[in-house]
Amino acid sequence: MATVLDRGLERDQPLELKAVGRRRRGFQRPLLYLLLIGIALFFILPMIFVFSTSFKSDTEVFTDPGLIPADPGLENYQMLLGGGTPFYRWFLNSAIVSSVGTVLTVVLTSLSAYAFARIDFPLKNALFSVLITTLLLPSVMFLVPHFKLIGQMGLYDTLPALVLPGLAGVFGVFFMRQFFLAIPVELEEAAYVDGANRFRTFVSVVLPLAGPALATLSVITFLAFWNDYLWPAVICVDNCTLPAGLRLLQGQFTANYGLTMAGAVVAAVPVLIIYLALQRWIIQSVASSGVKG
Amino acid sequence: MAGIESAQKERSMAGRLFGFARRRKKRAPTDVRRRIGESWYTPYLFILPHLIIFILFIGVPFFLGIWISLHDSTALREGPFVGFRNFENLLSPDSVHSARFWTTVWNTFIFVFLSTPLLVGVGLFLATLLNQRFRGRNFFRGIYFAPWTLSVAVVGITWWYMFNGNGGVVTRFLQDTLGTSPGWLTQNPWAWIAILVATLWWTIGFNTIILLAGMQGISADLYEAASIDGANRWQQFRHITIPSLKAVLLLVVTLQIIASFQLVGQPQLMTGGGPPPTETTPVLLHVFNTGFGGRRELSLAAAMALIVALMMVIVSIINFRLFSSERS
């Protein structure tokens, strides 16, 4: 998992050449910071506006355009969580779907990945090729058949409907297999000599070594489940997750920005907290796995 | 360069599937290694849990999608088998369905053509900016990347509010300073610009960190040598950075094209696909509306989705070919 990002950040800047007697710099320092801060404002200001608006009542939104609310209140959050909307249920659904989906994805894909990395069996390569090829298939072609299939299973508008299709993805298999291949096989052979069977070896030797990869896969999967929008929007009516619920909120309370923005804040805050805590590591994970959101 | 290398490995593996990379020598079938005392079914116990769900939710839907597209069903009733009629309707220029479908395909293409250079160009600029040594560089990198962690629903709602004609932040700011503001979400080209801004805000961090990782893998010696030879910063960028980044750039462009093809949430939440009837409706939103809104014409939506999927797979394969020729 060590990435070039790591090395680069610790490395001394190559562009300074004292030997030439001229300090090479891309931009004048104050100008550079001005630019950096200006760009940072572009990324931060919309979030601050959303946050601030979520504390304004539906009339204050129009009478009080200030960035800091003159009379901040929790009425939007009270209405969201106090039964005026199914918001509480959406939040709970998001939490359940994301955690269950993440645990199952990590368990299922790492089991499968281990067999593809370490055990030989007939048609292994053919099967793996089929799995990998499906990485190329765009998700749009599965919307209608998933909708039909889930309906036939009687799972329409249920939590399993939100989890199951996501578990079929093969990215985790590919990702974990790469990692397992890099673990020295001698470690497993030692365990085998000591009488451990495959499963035991996998659980007590391989998995502990795969900690960083499992963590990366977990975070990426959790974000994917938490943020997924299109599929829940297709399948849910009452049992929505937050992203799909936000769309319903927007449609129902068109001019009540404060309420909709409070919903956006609640949907954003958990991932932003995770991001704040693990920022550097998440960036490395994304750079090393090349997952596009 | 773990990230970029593994991505390239992935690509070359896919390349192998399409038969344009060298083939690995086949191992003799007798040489299947198995531990003594291990049953033949052990590997299957490992792969089966995932494989069952894979078959159920990728294998079956793959064929079910084709099956549905050959019928005339809606969400409410099972229709009769109609062969390729849905496809004929979508492909023949004089049918009602095809005009709207191809308008939305065209909208998606416009978005891909506008967004790809923009997001790769700005990504290059930000990566260059962050590839210098200064205090607080991790801090700025962290801020630029932050929106990427949000759901498209949050992004869409945020920018719907920012650009809204009825008390939105940008609109109000322009009215206060310039006295007037365009109808960002209701008039073109402003609606497309608003969608581009939201997309830039959301995903530029991704392109930036991938390109930044690539830049940090370039040897410092190259810049030193160029500097001694008197190359200025632009010349170094043009003749060292860009050529060294070629593989990474191709990766970023590929991922960007595919991501832009999938545009749906931003217009759905910001413009509703308007100005009417479909000026900012990308094809995915049209598929969504056809299959899951109004008359819920599932079969027609399935046929559209297959045509779009085929286009995307072709784009991917072209990119993989570029990749493998780049590497050899």
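If you're wondering where the values come from, they're calculated on a predicted model, not measured in any experiment.

## Some thoughts on the overall build of chain B
Logical step 1: Check the secondary structure of chain B and you find 14 helices and zero strands.
Logical step 2: What you see in chain B, going N to C, is helices and strands ordered as α-α-α-α-α-α-α-α-α-α-α-α-α-α.
Logical step 3: In chain B, buried positions account for 43% of the 328 residues.

## Remarks on the nonpolar core
Logical step 1: Among the nonpolar cores identified, the biggest contains 153 residues, and Ala194(B), Met304(B) and Ala305(B) are the most heavily contacted of them.
Logical step 2: Each residue touching Ala305(B), except ones within four places of it in the same chain, is listed here: Val140(A), Met141(A), Leu143(A), Val144(A), Gly65(B) and Val287(B).

## Remarks on helix H4 (residues 96–130) of chain B
Logical step 1: Taking 1.5 Å per residue, 35 residues should reach 51 Å; H4(B) reaches 51 Å between its end C-alpha atoms and fits that length.
Logical step 2: Remark: the principal bend of H4(B), roughly 25°, maps to Ser115(B), with a proline, Pro117(B), within the next four residues.

## Topic: the interface of chain B and chain A
Logical step 1: With 92 residues of chain B at the contact, the number on the chain A side is 93 residues.
Logical step 2: Classifying every residue of the side of chain B that touches chain A gives 61 nonpolar, 21 polar and ten charged.

## Re the environment of Gly183(B)
Residue and element names in this part refer to chain B.
Logical step 1: Summarising the element assignment, Gly183 is placed in the loop between helix H7 (169–178) and helix H8 (190–216).
Logical step 2: A tally of 15 C-beta atoms within 10 Å means that Gly183 is categorised as partly exposed.
Logical step 3: In sequence terms Gly183 and Thr171 are twelve residues apart; their C-alpha atoms lie 7.9 Å from each other.
Logical step 4: Discounting chain neighbours no more than four positions away, the residues touching Gly183 are Gly165 and Trp190.

## Considerations on the environment of Ser98(B)
All names here are of chain B.
Logical step 1: Among the secondary structure elements, Ser98 is positioned in helix H4.
Logical step 2: Spatially, the C-alpha atom of Ser98 lies 20 Å from that of Pro275, the residues being 177 residues apart in sequence.
Logical step 3: Excluding anything up to four places from it in sequence, Ser98 contacts Asn89, Leu90, Leu91, Ser92 and Pro93.

## As for the confidence of the model for chain B
Residues and elements named next belong to chain B.
Logical step 1: For chain B, per-residue confidence averages 87 on the pLDDT scale, and 88% of positions sit at 70 or higher.
Logical step 2: Predicted confidence is poor over residues 1–32, with pLDDT under 50, and the contacts of this stretch with residues over four places away or in other chains come to 45 contacts.
Logical step 3: Reported for the predicted complex are a pTM of 0.88 and an ipTM of 0.88.

Reading guide: rules and limits
Each chain carries its own residue numbering, running from 1 in the direction its sequence is written. Ligands are numbered from 1 and chains lettered from A, in the order in which they are written. The predicted origin of the model limits local features to residues at a pLDDT of at least 70 and limits the giving and counting of side-chain atom pairs to 80 or more, whereas totals for whole chains, interfaces and linings rest on all residues. What counts as a helix is a DSSP run of H or I of at least four residues, what counts as a strand is a run of E of at least two, and both are numbered from the N terminus. Field definition: a residue is buried when 20 or more other C-beta atoms are found within 10 Å of its C-beta, exposed when 12 or fewer are, and partly exposed for counts in between, with C-beta atoms placed from the backbone. The term nonpolar core refers to a group of buried residues, namely Ala, Val, Leu, Ile, Met, Phe, Trp, Tyr and Cys, whose C-beta atoms join them within 7 Å. By definition, residues are in contact whenever their C-beta atoms, placed on the basis of the backbone, come within 7 Å of each other. Working rule for helices: expected span equals 1.5 Å times residues minus one. By definition, a residue's bend is the angle between the axes fitted to the seven residues ending there and the seven starting there. In this classification, Asp, Glu, Lys and Arg are treated as charged, Ala, Val, Leu, Ile, Met, Phe, Trp, Tyr, Cys and Pro as nonpolar, and every other residue, Gly included, as polar. The predictor rates its confidence in each residue with pLDDT, a number between 0 and 100.

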